[in-house]
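# Structural description and commentary
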Amino acid sequence: MESSAFHIPVSRRRLLKNMSVVSAGFTLPGYLAEAITLTPAQAQGPFYPLIDDIPLDKDNDLVKIDDHLTMASGVVTHVSGRILDRNGNPVRGALVELWHADRLGEYTYSTNPGPNPRADPNFAGFGQFLTGSSGAYRFRTLKPGIYPGRARHFHWGITLPGQQRRFSTQTYWKGEALNDSDFLLNSIGDTEQRDSIILAFSKVPGTTTLEERTTWDFVSHFTPVEPAYPGSGGLMIEGAKAAGSVEGRRRFRISVPAYRGYTYELYGNPPLANLGWKLLPFSLTQGGAIDQNQHTAAGDGVVSFYLEKKTPTGFYFVSFRVPGANKGTP
Ligand SMILES: [Fe+2]
């Protein structure tokens, strides 16, 4: 939980704030209820990457592109925090997107490139992160340059599970004079909301390259909707040749989407081709233990089974059962 070192949980922050309000003599209950500051929306702007321009390397490190030997140049900047719902609960499965100008104020992706497009070809310009159950996110990027008409800023897109639209906002650098004249920042009427996206940056101790860091919790207006998981059922699945071989023999792989706690069981489907059990061993890895034709998923993702032979039809049947269901052979 590396983020805990930087963050006061919202519940505690709210308590601290309530205490200060009480001690100042204010007792309006409505005021207390508003103590969590919802992140204000800010325009997406014209520089979100076009669909054809989204880089293949769109991870949370914008400083280093996969196949480039050289890192982007500028002040390396770390930003981390959590994605929270309007009640302060961490949101799992939120898509966090970050894009911004390079050190010279140029965007990597643009419908309207400036005079110096792609000033730094080693800067990814765009990255994304998918939150886990802690709601935490983290990026390594650069301090963006300033371009005419705007204060220094990051662009953010946050998409919560169940939401079909990206929520756009921007964050700014505390103490910079241009903040006072930035039309977009100053279009936010609520002082607390405006202050919540002006971030304080500090030097990272022990770095020789003057790296900087900040933390920022995004508080959503929306309530996330968990994806609807299926009940028990079954899937017809086509097997595929697995890469490589085990002891000189090829294996066939049968992969299905997996949800945490669900139990998956593989059959050579009798109505299609009765395999019996002669095609064992089943295994959960290509070279793994035999007789494993049933598996309970520890997390969301993919479960793969391996077989020595393909069915004559090429199809298999994978049953899945909800968490807690009887795991005996049906
Ligand atoms: Fe911008």
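Residues numbered from 1 in each chain as written. Predicted model: local features only at pLDDT ≥ 70, side-chain atom pairs only at ≥ 80, totals over all residues. Heavy atoms only, no water.

### Here's the deal with the pairing of strand 6 (residues 167-173)
The criterion, for reference: Residue burial is assigned from relative accessible area. The probe radius is 1.4 Å, only protein chains are included, and a residue is buried under 20% of its type maximum, exposed over 50%, and partly exposed in between. A helix here means a DSSP run of H or I that spans at least four residues, while a strand means a run of E at least two residues long, and both kinds are numbered starting from the N terminus. Strands were regarded as paired on the criterion that DSSP finds at least two bridges between them.
The buried count for strand 6 comes to seven of seven residues, which makes it a mostly enclosed element. Where strand 5 (residues 153-159) and strand 6 come together, six bridges link them in antiparallel fashion. Pairing of H153 across the sheet is with Y172, part of strand 6. Here strand 6 pairs with strand 7 (residues 198-199) via two bridges, running parallel. Residue pairing in the sheet places W173 in a bridge with L199 of strand 7.

### Quick word on the coordination of the iron ion
We apply this condition: Only N, O and S atoms count as donors, using a 2.8 Å cut-off from the metal and 3.2 Å for Na, K and Ca, and because water is excluded some sites may appear unfinished. A four-donor site is called tetrahedral if each angle lies between 85 and 135 degrees; a four-donor site is square planar, and a six-donor site octahedral, when trans pairs exceed 155 degrees and the remaining angles lie between 65 and 115; all other cases are labelled irregular.
Within the protein, the atoms that donate to the iron ion are Y107 (OH), Y147 (OH), H153 (NE2) and H155 (NE2), at distances of 2.0 to 2.2 Å. Considering all four donor atoms around the iron ion, angles at the metal cover 89 to 163° and the coordination shape is irregular. Each donor residue of the iron ion lies on the same chain, and together they follow the pattern Y-x39-Y-x5-H-x1-H. Of this pair, Y107 sits in the loop between strand 2 (95-99) and strand 3 (126-130) while H155 sits in strand 5, and the two are 48 residues apart along the sequence. Residue Y107 is classed as buried on the basis of its relative accessible area of 8%. Accessibility expressed as a relative area gives 3% for H155, which makes it buried.

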